[in-house]
Amino acid sequence: MTNHRDTRLTADARAELLLREMTLEEKCGQLTAVMPWSLVRADGSDAEGAADLSANPPGHVAQLIVDDPAQLARLVGTIQHRFVTRTRLGIPALFHAEALNGFLAGGHMIFPTAIGLAATWSPELVEEMTDLIRRQMRRTGLRHALSPVLDVALDARWGRVHETYGEDPYLAAAFGVAFTRGLQGTDLAEGVIATGKHFLGYGATAGGRNQSAFEAGPRQLRDLFAYPFEAAIQLAGLKSVMNSYSDINGVPAGISREVLTDLLRGTLGFDGFVSADYGTLEQVVNRQRAASTPGEAGRLAIIAGLDVEFPTPFAYGSALAAEVEAGRLDVRDLDVCVLRVLRAKFELGLFENPYPAEHIDVGAVAREGGTLSQELARRSVVLVKNDGILPLPAEPAVAVIGPHADAVVRQFATYTYPGWREAVNAEQRGEAGTMAGAEAIKASWFDGLFSPVDVEALARGRYGARPLAEEIAAFAGEVLAEPGCAMTRPLGQDALDRAVAAARGADVVVLALGGSSLWFTGERTEGEDSDSVDIALPAAQTRLAEAVAATGKPLVVVLVQGRAYALPEVVRDAAAIVVSAFGGPYGAKAVAEVLFGAVNPSGKLPYSIPRHSGQIPVYHHQKAGTGYRSPLPNHIAHHYLDMEATPLHPFGHGLSYTGFTLTDLACDPEVDTAGTAGISATVTNAGAVEGATVVQLYLRVNTSGATRPAQQLAGFQRVELASGRSRRVTFHVPAAQLGHTDLALDFAVEPATVDVFLGLDSDDRALSGSFELTGKARVLTGGERSFLSATTTREA
């Protein structure tokens, strides 16, 4: 008799057969997760109440994080064995973890945070990174990653910008597709499920506040904020999506059928399962007041298309079963969600291969990805200003001053293992705040797995990370390091005096300023629920910079940051400014290599840096006629009475120690709405040293009857060139990439004049031209839409 164990059947057929065997309670259980301490103690023995969970087992296990991969594999194997052998149907659990910039588990390599990855403009390296993460997670038995973040971050006040790929939907799509391809692989049976989050508009909420409401019309929803999600779905087969905490046009995303079914599935073509962000349905009841009981929230969520509740049952599980039994929820609606989860487990091969690897070489795992992490860190460094002081000469006396001068751990943002251990330390100290979903952690679990750790020592000892002052010492003749102030507060006059004295004794001063990202606790400027009303550099750092500048010594400013800060005059006037994201183990090393010319910088900003907080939001793809994309009348000097509306440094900006030119634009004069435009130019390294740059293509589509962006990124290509050498770069842009939501609210590509801009940043107009889109307007389905242009290069 055919049953769900028959591997000759499709995943859909196997899921249907298994569903028929399940009780209502078992179905509801598959849509829930539990924390691992609900199943086992730290020593692997049964936790109190584990037998009750075996009767109606959850489908997922959340946040199993331990100190080394062998220990992790043992615990996953122990828990999974209980699911397979002690439950009635033996359905394996799906374990999930974070993987934003490395597998969030002890003993695995860490890479630059996502905004740093975006600054590399090298999605092929991110695909290489996630291919490694895929192998690491599978080895330890975790098959579901709660990454990547595909939010388009338009508001620098939001503390989670560093988790994103920045302000541009095309750039976010390119990285999201690469991330998903590497993680899921070509065959999901050998892959790990990727989760695009946070659907939708989470990077542009009211007031820049995490969890706040988001309002947008259908054009912005589809054409801007959904762009990276749709690209990952259509081009990489994204298998999971996580809702945002926000209300979207008045309805919480987690219970919005318009968002999770009509848009996500009906329009974008998603066929995977939707994972609830932690505590979503509890917030629907207690924060958003959109349901009065857990059962009501659960019923609304199932109808909306929210398939799984994380991290623990609140509105699903028994509360959901009660809704069905009371006749308030049709079991057929429940079955749709259960089938999505079961199908994913069959596609992953969990029933045939539920267990982790039997042997893990901990030392070898720890070394995996080190070379890649270092290369990504180097490519992520952005030189935004240089009056000729950089690269620094050999062996100067350098004063490294500021809160990032001697701080190793601040290179590790949230969603890294050192950042997570800081949160664990806070929990063990009894501090109120820690990660979402971890409020009820029993001390016995963490006490059994972790001893309080000096996270600075952990970063040094395990990852080999060193602070900026020590990395500079490898190049400088003499180094003096002084913090001068803390990240957000002064350290007193003595500390300031020591910093000024160090500056006076040096040939050049490196001011190591910027921000820090922590989980809910500690001195921070960024992170989850760590938003800012004012994005100015903290006042204590500004005072320090002014005191040091008064010495008259040359200033090089290094900004370690995950989002844009409005920079004070003393920083803007520095001889050079270098921007680095939270770069992980090699972040400070990469900066030092750039400062002394061992690495020629090639990073490009993935966000605009405003002149003032009052400009927010400021981004390069503002609509024609909006913001700084609005022409100035003749009698007006600038858009604001007191300031220009343009950014201080535009999206895509980044300098090099060599010079590049763009010449010889060639563009097809006419392209059918079903065709592909060819746009070519020659890039030449006109300087004296080898270097790399990113050729950026921007288009303005002048559509009849609707206002489109003043420009949109339509392609980019990183090019490495020896001095005096050239390459011909050709962008192949399908007309289907230039569609938009038309006046009838269909997605269409229409006849239009298309303006072409080629440059080395979003405001560079090195080359410009145009072509005509001709032929009939075409209404496109998601599967017919194009998202990313192809690029070819040849020697010129």
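Note that the structure is a prediction, hence the values are computed from the model and not measured.

Peer 1: Teacher, can you tell me more about the overall build of the protein chain here?
Peer 2: The helix and strand tally for the protein chain stands at 24 helices and 27 strands. Relative to a compact globule of 796 residues, whose C-alpha radius of gyration would be 28 Å, the protein chain shows 26 Å and is just as compact. Overall, the C-alpha framework of the protein chain stretches about 80 × 70 × 50 Å when taken along its three principal axes. Relative to its full complement of 796 residues, the protein chain shows a buried share of 64%. Once local pairs closer than 6 in sequence are excluded, the contacts in the protein chain between residues at least 24 apart make up 79%. Accessible surface, the protein chain: about 27000 Å² in total, of which carbon and sulfur atoms supply 48%. The average position of the 68 basic charges and that of the 92 acidic charges among the side chains of the protein chain differ by 2 Å.

Peer 1: Please explain helix 12 (residues 294-304) as it appears in this structure.
Peer 2: Quick reminder: α-helices carry 3.6 residues per turn. Residues three or four places apart thus point the same way. Taken together, the buried positions of helix 12 are G295, A297, G298, R299, A301, I302 and A304. Residues of helix 12 that are buried sit in contact with helix 10 (257-267), helix 11 (280-286), helix 13 (318-325) and helix 14 (331-348).

Peer 1: What should I look at first to understand the sheet that holds strand 14 (residues 555-560) in this one?
Peer 2: Across a sheet, paired strands are connected by hydrogen bonds in the backbone, their directions being either parallel or antiparallel. Within the open sheet, the six strands sit side by side as 10-15-14-13-11-12. Their pairing is mixed. A single partner strand is all that each edge strand has here, and the edge strands are strand 10 (382-386) and strand 12 (478-482). Ignoring which end each strand starts from, the neighbouring axes of this sheet average 15 degrees apart. Here helix 22 (residues 539-549) sits on the sheet and contacts strand 11 (397-401), strand 13 (508-514) and strand 14; the angle it forms with strand 13, its principal contact strand, is near 175 degrees.

Peer 1: Can you walk me through the sheet that holds strand 4 (residues 144-145) in this structure?
Peer 2: On the basis of which strands lie adjacent, the open sheet formed by four strands has the order 1-2-3-4 and parallel pairing. Looking along the sheet, the strands with just one partner apiece sit at the ends: strand 1 (33-34) and strand 4. Across two bridges, strand 3 (residues 94-97) lies against strand 4 in parallel orientation. What sits directly across from A97, in strand 4, is A145.

Peer 1: Looking at this structure, I do not really get the side chain of H60. What am I missing?
Peer 2: Inspection of the secondary structure puts H60 in strand 2 (residues 60-61). On the accessibility criterion, H60 (0% relative accessible area) is buried. From its side chain, H60 meets the backbone oxygen of Q30 in a polar contact 3.3 Å long. Discounting chain neighbours no more than four positions away, the residues touching H60 are Q30, T32, A33, V34, L94, V308, F310 and V341.

Peer 1: Would you take a moment to explain the packing of aromatic side chains for this structure?
Peer 2: Between two aromatic rings, the relevant description is the distance of the centres plus the angle of the planes. Here the structure, examined in full by the defined rule, presents 20 aromatic pairs. Connected via pairs of aromatic rings, a cluster forms that spans W37, Y417, W420, W445, F446 and F450. Of note, R563 hangs over the ring of Y565, and the distance from its end group to the ring centre comes to 4.1 Å.

Peer 1: Even after reading the chapter, I still don't get the nonpolar core, so can you show me in this structure?
Peer 2: A general feature of soluble globular proteins is that nonpolar side chains tend to end up buried together. Ranked by internal contacts, the top residues of the largest apolar core, which has 229 residues, are F199, L390, I401, I472 and L595. Counting 31 residues, the second-largest nonpolar core is a separate cluster that includes V671, V733, V749 and F771.

Peer 1: Help me understand the state of the cysteines, please; the structure alone is not making it clear to me.
Peer 2: Under the definition given, this model contains zero disulfides. Here C28 stays unpaired: no disulfide links it, and the sulfur of C337, its closest cysteine neighbor, is 10 Å away.

Peer 1: Even after reading the chapter, I still don't get the pairing of strand 20 (residues 712-721), so can you show me in this structure?
Peer 2: In the case of a regular strand, side chains alternate between the two sheet surfaces. The buried count for strand 20 comes to eight of 10 residues, which makes it a mostly enclosed element. Bridge analysis of strand 19 (residues 691-702) against strand 20 gives nine bridges, and the strand direction is antiparallel. Following the sheet pairing, V694 is matched in strand 20 by R718.

Peer 1: I'm lost on the packing of helix 6 (residues 123-140) against helix 7 (residues 169-184) in this one. Help?
Peer 2: For any two helices packed against each other, one specifies the inter-axial angle together with the distance between the axes. Running from amino to carboxyl end, helix 6 crosses helix 7 at an angle of 30 degrees, the nearest separation of the two axes being 7 Å. Between helix 6 and helix 7, the crossing angle belongs to the class labelled roughly parallel. In the crossing of helix 6 with helix 7, the sense of the turn from one axis to the other is right-handed. Across the interface between the two elements, P123, V126, E127, M129, T130, D131, I133 and R134 from helix 6 touch A174, F175, A178, F179, R181, G182, L183 and Q184 from helix 7.

Thresholds, definitions, all that
- Residues numbered from 1 in each chain as written.
- Predicted model: local features only at pLDDT ≥ 70, side-chain atom pairs only at ≥ 80, totals over all residues.
- Heavy atoms only, no water.
- Helix = DSSP H or I, 4+ residues; strand = E, 2+ residues; numbered from the N terminus.
- Rg over C-alpha atoms; globule rule 2.2 N^0.38 Å.
- Buried < 20%, exposed > 50% of the residue type's maximum accessible area, 1.4 Å probe, protein only.
- Contact = heavy atoms within 4.5 Å.
- Areas by Shrake-Rupley, 256 points an atom, 1.4 Å probe, with all protein chains shown as cover.
- Lys, Arg positive; Asp, Glu negative; His and termini not counted.
- Charge placed at Lys NZ, Arg CZ, Asp CG, Glu CD.
- Pairing = 2+ DSSP bridges.
- Axes fitted to C-alpha atoms, helices over the stretch in contact; angles between N-to-C directions.
- Polar contact = N/O pair within 3.5 Å; in protein donor to acceptor, adjacent residues only side chain to side chain.
- Phe/Tyr/Trp six-rings, centres within 6.5 Å; stacked < 30°, edge-to-face > 60°.
- Lys NZ or Arg CZ within 6 Å of the ring centre and 35° of its normal.
- Core = buried A, V, L, I, M, F, W, Y, C linked by side-chain atoms within 4.5 Å.
- Disulfide = S-S within 2.5 Å.
- Parallel < 35°, antiparallel > 145°, perpendicular 65-115°, else oblique.
- Left-handed = near helix turned anticlockwise from the far one by under 90°.

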